[in-house]
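A look at the structure
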Amino acid sequence: MMASWAAEGFTEIDKLRAELLNGVEVVTDRQRGQEEISHREILARIENIILGIVTSLSKEEAPFLALPNRSSWANVSFHSAVGLQMTSGSSVSTIRSDCPSSVTKFAQILKILSVIYKLVQSNSYATKRDIYYNNTQLFVSQTTVDSIVDDISCMLKVPRRSLHVLATSKGLIAGDLRYMEEDGTRIDCHSSSAAVAVSSNIAGIRNIVSSAKFVLIVEKDATFQRLLDDDFCTKLRPCIIITGKGVPDVNSRLMVRKLWDTLHIPTFALVDADPHGIEIMCIYKYGSVAMSFEAHSLTVPSVMWLGLLPSDLQRLQVPEDALIPLTERDESKLSSLLKRPYLSSQPDWQREMELMQQTKVKAEIQSLATIAPDFLTSIYLPNKLRYGGWI
């Protein structure tokens, strides 16, 4: 039965793809390459910052750095084709060299700027972890380095990948996908039962080959592993599944975007029916405030919500003991999500979230196992994909 489904069950997905392709502006690799900022331009932008500091010192003034504020919704506008995008006139935070509360951050930014300058100049790469261990006393924690690299990327208006600083990926990918890494390593995502770690250098990936009909983003690693164990990619082939193991790292988001740009196939999200899962799905689809300066390469506005829908809980009569009452924090998160600028363009999503507000319950994807152990992979997902059960 599953084999015949695979042969004929993609009609609704094919219709969705045709709709999505209507609104797609195809960007060739050559055009995308032209958008990349040259090494010379990046070096010039760093030199301008240093020149500003030297000029201040020559005038016996305390140097300062102006960083765009990456945590304020006031600095972000919503565009349906891009997602959350930082506005050009965004407010800034001033990092002063003569202020006790910011002098350490001032020194940390200058140190990382000097590392980036050398990397770009020598056309070599380092990981954020390398930078942290380069001077642990100055940086104190890895998260400090992570945040400052993003601050510098935003300040220079340069995509993070162009700074030659790589982040270790936490995401996993499997399914009908083959590609080549920048160093020439060939990756085959369906050659083994284990998943492949998402690349640390998505920009360097080339020669992508896939017959996949869709990409499935899976919120949690446990669900992803369950799909692998149940041989989901073989039974419902051809498809690609990817997880960022919760809130996705930048590489997982870049990979989902790369697959969309290259393959132009529908992208679905499978998340828990709770406010946290919905927010994670929104990050893939619309982006985050903190990374809104790089929205063009991180968001996939065509992402569809496949499940677990709050209405599925009623429709499938998921047992009550598998449902979890919403906490105060959940209710607060849900209210805040409903006020997000992108929700007004998603009435179906709004309805599902309002249903969650009314019923005051949430559920994990694993709750489907209370109906039958293999319900998720044998019945729920095949039927959702066959009959267009996404929103």
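Note that this is a predicted model, so its numbers are computed, not measured.

The terminal C-alpha atoms of helix H2 (residues 11-22), which comprises twelve residues, lie 17 Å apart, in line with the 16 Å expected from a rise of 1.5 Å per residue. Within the sequence span of H2, burial applies to Ile13, Leu16 and Leu20. Each buried residue of H2 sits inside an arc of 60 degrees when the element is viewed along its axis, so together they form one side. Seen from the buried face of H2, the exposed residues on the opposite side, beyond 90 degrees, are Glu19 and Asn22. The inward-facing, buried residues of H2 contact helix H11 (250-263), strand S14 (267-270), strand S15 (304-307) and helix H17 (375-387).

Within the structure shown, the criterion is met by one cavity of 30 Å³ or more. Forming the walls of the largest cavity are 13 residues, and the residues nearest its centre are Arg160, Arg161, Ser200, Asn251 and Leu254. Counting only elements with at least two residues in the lining of the largest cavity, the list comes to strand S6 (165-166) and H11. Broken down by element, the residue count for the lining of the largest cavity peaks at three residues, all from H11. Residue composition of the lining of the largest cavity, grouped by class: seven nonpolar, three polar and three charged.

On to the packing of helix H4 (residues 39-58) against helix H5 (residues 103-122). When two helices pack together, their arrangement is given by the angle between their axes and by how far apart the axes lie. Here H4 crosses H5 at 150 degrees, and the two axes come no closer than 10 Å. Here H5 runs roughly antiparallel to H4, going by the angle between their axes. Here H4 and H5 pass one another in a crossing that is left-handed. In this structure, H4 contributes His39, Ile42, Leu43, Ile46, Glu47, Ile49, Ile50 and Ile53 to the contact, and H5 contributes Phe106, Leu110, Leu113, Ile116, Tyr117, Val120 and Gln121. In terms of residue class, the contact of H4 with H5 is built from twelve nonpolar, two polar and one charged.

Conventions we followed
- Residues numbered from 1 in each chain as written.
- Predicted model: local features only at pLDDT ≥ 70, side-chain atom pairs only at ≥ 80, totals over all residues.
- Heavy atoms only, no water.
- Helix = DSSP H or I, 4+ residues; strand = E, 2+ residues; numbered from the N terminus.
- Expected span 1.5 Å × (residues − 1).
- Buried < 20%, exposed > 50% of the residue type's maximum accessible area, 1.4 Å probe, protein only.
- Arc of directions from axis to C-beta.
- Contact = heavy atoms within 4.5 Å.
- 1 Å grid on protein atoms, 1.4 Å probe; cavity = no way out; pocket = protein on both sides within 12 Å on 5 of 7 lines; lining within 4 Å.
- Points joined across faces, edges and corners; volume = space filled by probe spheres on them.
- Nonpolar A, V, L, I, M, F, W, Y, C, P; charged D, E, K, R; others polar.
- Axes fitted to C-alpha atoms, helices over the stretch in contact; angles between N-to-C directions.
- Parallel < 35°, antiparallel > 145°, perpendicular 65-115°, else oblique.
- Left-handed = near helix turned anticlockwise from the far one by under 90°.

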